[in-house]
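Close look at the chain arrangement
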Amino acid sequence: MSAYSCNNNKSNGYDMCEDTENEYTYEKLMKIREFLAERIHVGIICGSGLGSMGEAVRNSVCIEYKDIPSFPISTVQGHKGRLIFGYVSDVPVMCMQGRFHYYEGYPLSKCVMPVRLMKLLGVTHLIASNAAGGLNPSYKVGDIMLQKDHLNIMGFSGNNPLRGPNDGVTNLVRQLGMEDDVHEGVYTCMGGPNYETVAELRALKVLGVDAVGMSTVHEVTTAKHCGMKCFAFSLITNICSIDYENGEEATCEEVLDVGKSKETILKVLVENVVKFIGEHSNNE
Ligand SMILES: O=P(O)(O)O[C@H]1O[C@H](CO)[C@@H](O)[C@H]1O
Ligand code: HPA
């Protein structure tokens with residue numbers, strides 16, 4: 001029995017009387033980590049120019065990537081480079097305002113490190129977004145494509161693509177009256193940083209790609225590997241032309257402008273998807 005007085009308050013499971021050593025063992029720390037990890041539920045990754053989705057986070061605490069030990073920094077336009085912790089629709093979230101791209105010089109293992117971190121911090125559901133060029137002729141600039149699948153071109157040597165539609169979210173889109181501007185399609189990630197040539201776009205079309213970007217595939221692959229549920233979508237910021245005579249290459253400015261013009265609807269979408277996850281996940 002310890003010599004110090006005991007208030008017998010075990011309401012948080014901590015029993016001062018039994019804790020005679022005042023030592024924080026690895027096991028004890030892991031228990032604390034597990035407890036805290038249960039408090040963060042949804043991870044959100046904002047794509048290029050889509051950082052305003054972070055404004056959907058309430059009671060937020062922001063941490064700059066540059067202030068986090070060993071964290072990479074965002075080097076491209078339209079990525080603020082900070083983590084936001086807080087609540088969306090009363091669901092605890094962590095949101096990346098800025099992701100890491102392979103073309104920035106980071107290996108894929110570094111690009112996906114934050115997804116692993118999310119897993120360690122308790123995230124069970126990932127919402128990954130990106131700006132992408134539309135290849136499907138029925139897509140317009142400003143449309144949203146829900147990623148029903150992806151083509152892991154960079155991983156042709158072995159990674160499995162994500163499969164399967166998410167009926168629940170498809171219904172949600174209908175409830176929000178967004179179905180005219182929302183599609184389900186196949187996304188692929190090119191290495192970048194340059195946009196695709198006409199010949200490459202023609203090849204991607206033959207392969208069944210509906211929208212092309214430079215991210216997300218490896219994040220979703222990692223999240224699935226960690227056992228998270230994923231919802232990924234693309235904002236179509238430009239139409240990819242496969243016509244040598246009339247086509248124009250996308251510019252970074254138009255990509256960011258379209259993201260800005262869709263700020264409100266993207267915030268509504270992310271709020272409702274997080275709410276949906278909160279209501280349907282039984283606190284997994
Ligand atoms: O995928 P996110 O981060 O949205 O960025 C997309 O937009 C940039 C091109 O303008 C590329 O980095 C492409 O991947
Ligand atoms: O057309 C595109 N290609 C690749 N990445 C992109 N990100 C936005 N638009 C595009």
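Predicted, not measured: the structure shown is a model, and the values here were computed from it. (Residues numbered from 1 in each chain as written. Chains lettered and ligands numbered in written order. Predicted model: local features only at pLDDT ≥ 70, side-chain atom pairs only at ≥ 80, totals over all residues.)

1. Section: the overall build of the chain
Basically, it comes down to this: Secondary structure elements follow DSSP: runs of H or I no shorter than four residues count as helices, runs of E no shorter than two count as strands, and numbering proceeds from the N terminus. Neighbour counting defines burial: a residue surrounded by 20 or more other C-beta atoms within 10 Å of its own C-beta is buried, one with 12 or fewer is exposed, and intermediate counts give partly exposed, using backbone-placed C-beta atoms. By definition, residues are in contact whenever their C-beta atoms, placed on the basis of the backbone, come within 7 Å of each other.
What the chain contains, in helices and strands, is eight helices and nine strands. Of all 284 residues assigned to the chain, the portion counted as buried reaches 36%. Of the contacts made within the chain by residues no fewer than 6 positions apart, 78% connect residues no fewer than 24 positions apart.

2. Regarding the site of ligand 1
Where we set the bar: Each residue receives a C-beta atom placed from its backbone. It is near a molecule or strand if this atom lies within 6 Å of it. For this classification, the nonpolar set comprises Ala, Val, Leu, Ile, Met, Phe, Trp, Tyr, Cys and Pro, the charged set comprises Asp, Glu, Lys and Arg, and every other residue, Gly included, is treated as polar.
In the vicinity of ligand 1, 13 residues are found, and the nearest of them are G47, S48, N130, M214 and S215. Of all the secondary structure elements, the ones that give two or more residues to the shell around ligand 1 are strand 5 (125-134) and helix 7 (252-261). When the residues that make up the shell around ligand 1 are grouped by side-chain class, the tally is five nonpolar, seven polar and one charged.

3. Some remarks on helix 8 (residues 263-280)
Our working definition: To estimate how far a helix should extend, the number of its residues minus one is multiplied by 1.5 Å. Taken from the helix axis, the directions to the C-beta atoms give the arc we talk about.
Between the first and last C-alpha of helix 8 there are 26 Å, a value that for 18 residues agrees with the 26 Å anticipated at 1.5 Å per step. When we look at burial in helix 8, the residues that qualify are L266, L269, V270, V273, V274, F276 and I277. Seen end-on, helix 8 carries its buried residues on one side only, within an arc spanning 155 degrees. Of the exposed residues in helix 8, the ones pointing more than 90 degrees away from its buried face are T264 and E279.

4. Topic: the site of ligand 2
Near ligand 2 you find 14 residues, and of these A131, G133, G213, A250 and V255 are the closest. Sorting the residues of the shell around ligand 2 by element identifies strand 5, strand 8 (211-213) and strand 9 (229-239) as the ones contributing at least two each. Here the shell around ligand 2 takes three residues from strand 5, the largest share from any one element. Looking at the shell around ligand 2, its residues break down into nine nonpolar, four polar and one charged.

5. Remarks on the environment of M228
Positionally, M228 belongs in the loop between helix 6 (217-225) and strand 9. When the 19 C-beta atoms within 10 Å are taken as the criterion, M228 is described as partly exposed. Sequence spacing of M228 and V268 is 40 residues, and the spatial spacing of their C-alpha atoms is 23 Å. In this view, M228 contacts K119, V123, T124, H125, L126 and A223; residues no more than four positions away in its chain are not counted.

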